[in-house]
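Understanding the architecture of this molecule
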Amino acid sequence: MNGFIQNLMGMGGMTEQVIATDFLIAAKAGVRNYTVALTEAATPELRTALREQLRDAIQTHENITNYMIAKGYYHPHELSEQLQVDLTVANTAANLAEKTNG
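Predicted model, so just to flag it, every value in this text is computed and none were measured.

**With respect to the overall build of the chain**
Regarding its fold elements, the chain presents four helices and zero strands. The helix and strand sequence of the chain, counted from the amino end, reads α-α-α-α. Buried residues in the chain amount to 23% of all 102 residues. Residue pairs in contact within the chain that sit at least 24 positions apart in sequence constitute 52% of those at least 6 positions apart. Surface exposure of the chain reaches about 7100 Å², of which carbon and sulfur atoms provide 59%.

Rendered as structure tokens:
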């Protein structure tokens, strides 16, 4: 999404943050799903394949987390800072909803 459309929709520069957050949530779900599948796998070959996929999913989650921390989108060790980020995102979403429904 280009800057003009972002500003028009009231999102400013937050699109990158939203995409990264969605990606992080999806990666976390992937780790969880691979873990469950691994515990239910019936053959050693399947367990081996799932372990490899799980390692890749964990690495992807770490990469996204590190990216978000470096960009200031995610503060896993600073609850008050993360709260401010979350409030900003929530307010932007609410404002966007008002503009869209308004």
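**Notes on the pattern of salt bridges**
Applying the stated criterion across every chain, the model contains one salt bridge. Across the pair Glu 16 and Lys 71 runs a salt bridge whose closest N-O atoms are separated by 3.5 Å. Of the two residues, Glu 16 is situated in helix H2 (residues 15–40) and Lys 71 in helix H3 (residues 44–71); the sequence distance between them amounts to 55 residues. On the basis of relative accessible area, Glu 16 is assigned to the partly exposed category, the value being 31%. Residue Lys 71 is classed as partly exposed on the basis of its relative accessible area of 43%.

**Things to note about helix H4 (residues 79–101)**
End to end, H4 covers 32 Å across 23 residues, agreeing with the expected 33 Å (1.5 Å per residue, within 8%). The complete set of buried residues in H4 reads Gln 82, Val 85 and Thr 92.

**Structural notes on the packing of H2 against H3**
Two numbers describe how H2 lies on H3: the axes approach to 9 Å, and their chain directions differ by 155°. With respect to each other, H2 and H3 are oriented roughly antiparallel. Seen from above, H2 lies across H3 with left-handed handedness. Class assignment for the residues of the contact of H2 with H3 results in 15 nonpolar, six polar and five charged.

**Thoughts on the side chain of Thr 65**
Tracing the chain through its elements places Thr 65 in helix H3. Using a relative accessible area of 11% as the deciding quantity, one classes Thr 65 as buried. The contacts of Thr 65, once residues within four sequence positions are left out, are Leu 24 and Tyr 74.

**Notes on the side chain of Gln 82**
Structurally, Gln 82 can be placed in helix H4. If near-sequence neighbours (up to four positions away) are discounted, Gln 82 is found in contact with Tyr 73, Tyr 74 and His 75.

About the cut-offs
- Residues numbered from 1 in each chain as written.
- Predicted model: local features only at pLDDT ≥ 70, side-chain atom pairs only at ≥ 80, totals over all residues.
- Heavy atoms only, no water.
- Helix = DSSP H or I, 4+ residues; strand = E, 2+ residues; numbered from the N terminus.
- Buried < 20%, exposed > 50% of the residue type's maximum accessible area, 1.4 Å probe, protein only.
- Contact = heavy atoms within 4.5 Å.
- Areas by Shrake-Rupley, 256 points an atom, 1.4 Å probe, with all protein chains shown as cover.
- Salt bridge = Lys/Arg side-chain N within 4 Å of Asp/Glu carboxyl O.
- Expected span 1.5 Å × (residues − 1).
- Axes fitted to C-alpha atoms, helices over the stretch in contact; angles between N-to-C directions.
- Parallel < 35°, antiparallel > 145°, perpendicular 65-115°, else oblique.
- Left-handed = near helix turned anticlockwise from the far one by under 90°.
- Nonpolar A, V, L, I, M, F, W, Y, C, P; charged D, E, K, R; others polar.

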